[in-house]
Amino acid sequence: MHLAIRGVSKTYPNGVRALRDVTLDIPSGMYGLLGPNGAGKSSLMRTLATLQEPDVGTVTLERPDGTRIDVLREKDRLRRTLGYLPQEFGVYPSVSAERLLDHFAVLEGFTEKGARRRVVEALLRQTNLWDVRKERLGGYSGGMRQRFGIAVALLGGPELIIVDEPTAGLDPAERVRFLNLLSEIGENSVVILSTHIVEDVAELCRRMAIIDRGQILLEAEPLEAIDALRGRVWRRVVAKHELPEVERRHRVIATKLLAGRTLVHVHADERPGDEFEPVEPDLEDVYFSVMAGHEGARAAAPELVAR
Ligand code: ADP
């Protein structure tokens, strides 16, 4: 399975350029689309889910047997093999999870009762909702609702699964439970996770892209991108009044408050000064160095910065 996105651009009627010439190759397995709010993630996710059209560009789902779906032209064909969990997942509050999932299963084509019951039970167990299946959805927590959304998305064995910002608003325990569930979906479908949370991608995704202001800034394997930064990230704790001077003299990737002082991460090929100590980089350093648009980061790892 392979999703090929080529030259997709979108400008909304109000003039916002939400997607600028987006080209991505997304293989089977979990793929992370990481970017801040307003970056264009939902615009891209809605495009892939056939809910809106780009101004230009093509999207093709290539199957292992050689057949292809032209996502933008063959909408019905794509929808039959699409599982989509939008940012806001509306449910009927007075209906139980079991009844609503059964209803969606009918729509999905499971008309035979026995087969349908088996599918519904399997999904409710997989999403850990079996014990609360009789409860009304209105009483579910945010995390339970998101897991129910995944159960709906997985109905019918989709080949393309899109989850848009699924962990925003979940408490830490629910977030872990939800990510574990996603990690079990398997390798036979293309799963795209859009998020502004770096750890979501770090924990789950073998490949990723970083998007900002509609543009893909980096497409890479997280571990490779981290490797490329190794030996080039340094840190130092500074007092607040020293920060402007440090920012003037160094390529600051990120600043973080630490016990009332400021921890600064700097990108440099060599130790920038005695006060700095080396840092083992993580995906957050990758993300912030790309977002900061440092020429140094580009020069250091040109193969990782495609555009
Ligand atoms: P993200 O999901 O990364 O937060 P979006 O795709 O929702 O980003 O938004 C990208 C940009 O497009 C933002 O500036 C947003 O305000 C704008 N936008 C999104 N949807 C619409 C719309 N229907 N009409 C006009 N502007 C929109």
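Keep in mind the model is a prediction, meaning the values are calculated, not measured.

### Here's the deal with the pattern of salt bridges
Within this structure, the stated rule accounts for 26 salt bridges. In this structure, R73 engages D70 in a salt bridge whose closest nitrogen and oxygen atoms are separated by 3.6 Å. Note on R73: relative accessible area 71%, which makes it exposed. Of the charged contacts in the structure, one is a salt bridge between R116 and D102, with a shortest N-O distance of 2.9 Å. With R116 in helix 4 (residues 113–126) and D102 in helix 3 (residues 97–107), this pair connects stretches of sequence that are 14 residues apart.

### Quick notes on the site of the ligand
Taken together, 13 residues form the shell around the ligand, and within it G38, G40, K41, S42 and S43 come nearest. Within the contact set of the ligand, an oxygen atom lies 2.7 Å away from a backbone nitrogen or oxygen of G38. Backbone polar atom of A39 to an oxygen atom of the ligand: 3.1 Å apart, as the coordinates give it. Taking 560 Å² as the accessible area of the ligand by itself, protein coverage stands at 65%. Considering every element that reaches the shell around the ligand, the biggest residue donor is helix 1 (residues 41–48), with four residues. Residue composition of the shell around the ligand, grouped by class: five nonpolar, six polar and two charged.

### Here's the deal with the environment of R20
Looking at the secondary structure, you find R20 in strand 2 (residues 17–27). A residue is classified by how much of its surface remains accessible, and R20, at 29% relative accessible area, is partly exposed. Residues R20 and D212, spaced 192 residues apart in sequence, show a C-alpha to C-alpha distance of 9.9 Å. What R20 contacts, discounting residues up to four positions off in sequence, is V8, S9, R213, G214 and Q215.

### Focus on the nonpolar core
Ranked by internal contacts, the top residues of the largest apolar core, which has 53 residues, are L101, F148, I150, L182 and V286. Ranked by residue count, the leading element in this core is helix 5 (residues 142–154), at six residues. For F148, the contacting residues outside a window of four places in its chain are F89, V91, A97, L100, L101, L129 and L137. The next biggest cluster of nonpolar side chains, apart from the first, holds 29 residues, and it includes A39, L61, I211 and I216.

### A short note on the sheet that holds strand 9 (residues 207–212)
With mixed pairing, the six strands of this open sheet are ordered in space as 6-7-8-3-9-10. Strands at the two margins of the open sheet, each flanked by one partner only, are strand 6 (82–85) and strand 10 (215–220). The mean inter-strand angle of the sheet, taken between neighbouring strand axes irrespective of direction, is 15°. Pairing of strand 9 with strand 10 involves five bridges; the strand directions are antiparallel. Bridge pairing links I211 to I216 in strand 10. Of the strands in this sheet, strand 3 (29–34), strand 9 and strand 10 are in contact with helix 10 (residues 283–291), which crosses strand 9 at around 35°.

Criteria and thresholds
- Residues numbered from 1 in each chain as written.
- Predicted model: local features only at pLDDT ≥ 70, side-chain atom pairs only at ≥ 80, totals over all residues.
- Heavy atoms only, no water.
- Salt bridge = Lys/Arg side-chain N within 4 Å of Asp/Glu carboxyl O.
- Buried < 20%, exposed > 50% of the residue type's maximum accessible area, 1.4 Å probe, protein only.
- Helix = DSSP H or I, 4+ residues; strand = E, 2+ residues; numbered from the N terminus.
- Near = heavy atom within 4 Å.
- Polar contact = N/O pair within 3.5 Å; in protein donor to acceptor, adjacent residues only side chain to side chain.
- Areas by Shrake-Rupley, 256 points an atom, 1.4 Å probe, with all protein chains shown as cover.
- Nonpolar A, V, L, I, M, F, W, Y, C, P; charged D, E, K, R; others polar.
- Contact = heavy atoms within 4.5 Å.
- Core = buried A, V, L, I, M, F, W, Y, C linked by side-chain atoms within 4.5 Å.
- Pairing = 2+ DSSP bridges.
- Axes fitted to C-alpha atoms, helices over the stretch in contact; angles between N-to-C directions.

Nothing here speaks to function; it is geometry throughout.
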